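# Descriptive structure summary
For reference, the chains in residue letters:
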Amino acid sequence: MHIHILGICGTFMGGLAALAREAGHRVTGCDAGVYPPMSDQLRALGIDLIEGFGADQLAMAPDIYVVGNVVSRARGPDGKPKFPLMEAILESGARYTSGPQWLAETLLPGRHVLAVAGTHGKTTTTSMLAWILDSAGRTPGFLVGGVPLDFGVSARLDSTNHAQQRPLFVIEADEYDTAFFDKRSKFVHYRPRTAVLNNLEFDHADIFDDLAAIERQFHHLVRTVPGSGRLVVNGTEASLRRVLEQGCWSETATFGGSGDWRSTGPDDAFDVLLRGERVGHVDWALSGEHNRMNALAAIAAAEHVGVDPAQACEALGRFQNVRRRMELRGTVELADGPVRVYDDFAHHPTAIRTTLDGLRRKLDAGGHQAERILAVFEPRSNTMKLGAMAAQLPWSLENAALSFCHAAGLGWDAAAALAPLGDRVQVAQDIDSLVRQVLASARPGDHIVCMSNGGFGGIHQKLLDALANAT
């Protein structure tokens, strides 16, 4: 089958392209604003990329067009369609579908799907779960919204060589809508037998009116899990309790708080308890309470398909995390000590707070209380651009000694929203000005954490170059 993917460079659609290619299909695609790591991954697979959404691509006559949710019926200021290829597809009557539906109908049947849902930590937890299963010899397939360092790719098909076991497929289960013609959350298509509900807060203000609307979508996911399946649920979240109160027909395993699965000990070396009994120990390089919770969720999900918790804990000790999750991009040695620059995907206030809190706890535990954290961030997600969570930003940045905000393109006053931080915050309208602000403030021992869900204008390398030139 020849499939042509519209919006191929998104993390989900790019992973889908890799899976389709591995399954033997001919894959082509188009997009705008191409940037690594997905563009690199696609080119390495030999997938032809076309820049833009020109209607002339209709002449390719694929068997089916797979449409990403970046595509819409929107028109530009000149009144012309922003996605002329989509208009041509509709006019011609050509066959089209969404990415999640194509995946569900073509690749997921016959597989035991383990889906990881939640406002935060989906990519990390999905990667942890895939790594645990792989370390246990189960060679799962997976589709992750990032690039796990342990695998080097965001997606692969499972091994089908397990004669006595159903093939496993681990997927990051996003609550964002499926396509302009299918406003259900992506995850309702996946029909998992094991579903992780990692956490649930208000997000995606561009498509959801309130938290209750997202809770309804999560309950749609719960409805698709069979009676022999398992829901792995964060026991500390009132929102998830409300979801389950709407109806639950599957086994439930809770984690965190007073749940079935708990942890005790410091963030970097903790015991795992199942209903009060020690079942394993995790000794790893990750930091933060949020990653401990991610680990518990992954261990509980893996146990559902027969992986011993002690074996899962041992595997997590070798887990390398995901690109752009507190990824150290470089260190510059100044005369009196190093300055480190990190790249992190955090873009929701809670994610920003937990990321900075995790680093602060790690530094303090290591005797580095004097070393500062400098937070450099851009409110780039649709929710943040709308200003729906602007009031939470000062709270999210409390663990940063200094904060620097890239405020270009916002429909709200970033300086006013961040005013509670006083002289601990600076705002800039362009990347170069932001780099100059950080450079003027940085000193030996600092940890500069750059947070965005986009490329952030290459600020990581610009900071490293500027620091190196200043020595």
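Quick caveat: nothing in here was measured; it's all calculated off a predicted structure.

### Quick word on the overall build of the chain
Across its full length, the chain carries 15 helices and 23 strands. Its C-alpha atoms give the chain a radius of gyration of 22 Å, within 12% of the compact-globule value 23 Å for 471 residues. Over its C-alpha atoms, taken along the principal directions, the chain stretches across nearly 65 × 60 × 40 Å. The burial tally for the chain puts 57% of its 471 residues in the buried class. Within the chain, residue pairs in contact and separated by at least 24 positions form 66% of the contacts whose partners lie at least 6 positions apart.

### Here's the deal with the nonpolar core
One recurring pattern in soluble globular proteins: nonpolar side chains tend to sit buried together. One finds Leu103, Tyr190 and Phe218 to be the most contacted residues of the largest nonpolar core, which totals 46 residues. Looking at this core element by element, the count peaks at 7 residues for helix α1 (residues 11-22). In this structure, Tyr190 is in contact with Phe12, Pro100, Leu103, Leu108, Val113, Ile171, Glu172 and Ala173, ignoring residues within four places of it in sequence. By size, the runner-up hydrophobic cluster in this structure holds 40 residues, among which are Val116, Phe142, Val144 and Val272.

### Topic: the packing of helix α6 (residues 211-223) against helix α7 (residues 238-245)
At their nearest, the axes of α6 and α7 sit 9 Å apart, and the two run at 55° to each other. The angle between α6 and α7 places the two elements in the oblique class. The handedness of the crossing between α6 and α7 is right-handed. From α6, Leu211, Glu215, Phe218, His219 and Val222 reach across to α7, where they touch Ser239, Leu240, Arg242, Val243 and Leu244. Residue classes in the contact of α6 with α7 are distributed as 6 nonpolar, 2 polar and 2 charged.

### Observations concerning the packing of aromatic side chains
Two numbers describe a pair of aromatic rings. These are the distance of the centres and the angle of the planes. For the coordinates displayed, the defined rule picks out 7 aromatic pairs. An angle of 75° between the planes, with centres 4.9 Å apart, marks the rings of Phe53 and Phe83 as edge-to-face. Taken together, the residues Phe53 in the loop between β3 (48-51) and β4 (64-67) and Phe83 in the loop between β4 and α3 (84-92) connect sequence positions 30 residues apart. Its relative accessible area of 10% is what places Phe53 among the buried residues. An angle of 75° between the planes, with centres 6.0 Å apart, marks the rings of Trp131 and Phe151 as edge-to-face. One end of the pair, Trp131, is in helix α5 (residues 122-135); the other, Phe151, is in the loop between β7 (141-143) and β8 (155-156), with 20 residues separating them in the sequence. Comparing Trp131 with Phe151 shows no difference in burial state: the two are buried. An aromatic cluster is present here, built from Tyr96, Phe180 and Phe181 joined pairwise through their rings. Over the ring of Phe270 we find Arg292, and its NZ or CZ is 5.1 Å from the ring centre.

### Focus on the sheet that holds strand β23 (residues 447-451)
What the 6 strands build is an open sheet, ordered β18-β19-β23-β20-β21-β22; its pairing is mixed. With one partner strand each, in any of the chains shown, β18 (327-334) and β22 (425-428) form the two edges of the open sheet. Averaged over neighbouring strand pairs, the angle between their axes works out to 15° when direction is ignored. In this sheet, strand β21 (residues 402-406) lies alongside strand β20 (residues 373-377) in parallel orientation, the contact comprising 4 bridges. The residue bridging Ala375 from the neighbouring strand is Ser403, located in β21. Sitting on the sheet, helix α10 (residues 349-365) is in contact with β19 (337-344), β20 and β23, with an inclination near 160° to β23. Taken strand by strand, helix α14 (residues 431-441) contacts β20, β21, β22 and β23, and its axis lies near 170° from that of β21.

### Some details on the sheet that holds β3
Here 5 strands make up an open sheet; going across it, the order is β3-β2-β1-β4-β5 and the pairing parallel. Looking at the sheet topology across the chains shown, the edges are occupied by β3 and β5 (96-98). Each strand axis lies, on average, 25° off the axis of its neighbour in the sheet, ignoring direction. As paired elements, strand β2 (residues 26-31) and β3 share 4 bridges and run parallel to each other. Within the sheet, the bridge partner assigned to Asp31 lies in β3 and is Glu51. Strands β1 (2-6), β2 and β4 of the sheet are contacted by α1, whose axis makes an angle of about 170° with β1.

Parameters and conventions
Residues numbered from 1 in each chain as written. Predicted model: local features only at pLDDT ≥ 70, side-chain atom pairs only at ≥ 80, totals over all residues. Heavy atoms only, no water. Helix = DSSP H or I, 4+ residues; strand = E, 2+ residues; numbered from the N terminus. Rg over C-alpha atoms; globule rule 2.2 N^0.38 Å. Buried < 20%, exposed > 50% of the residue type's maximum accessible area, 1.4 Å probe, protein only. Contact = heavy atoms within 4.5 Å. Core = buried A, V, L, I, M, F, W, Y, C linked by side-chain atoms within 4.5 Å. Axes fitted to C-alpha atoms, helices over the stretch in contact; angles between N-to-C directions. Parallel < 35°, antiparallel > 145°, perpendicular 65-115°, else oblique. Left-handed = near helix turned anticlockwise from the far one by under 90°. Nonpolar A, V, L, I, M, F, W, Y, C, P; charged D, E, K, R; others polar. Phe/Tyr/Trp six-rings, centres within 6.5 Å; stacked < 30°, edge-to-face > 60°. Lys NZ or Arg CZ within 6 Å of the ring centre and 35° of its normal. Pairing = 2+ DSSP bridges.

In short, shape yes, function no, at least from these values alone.
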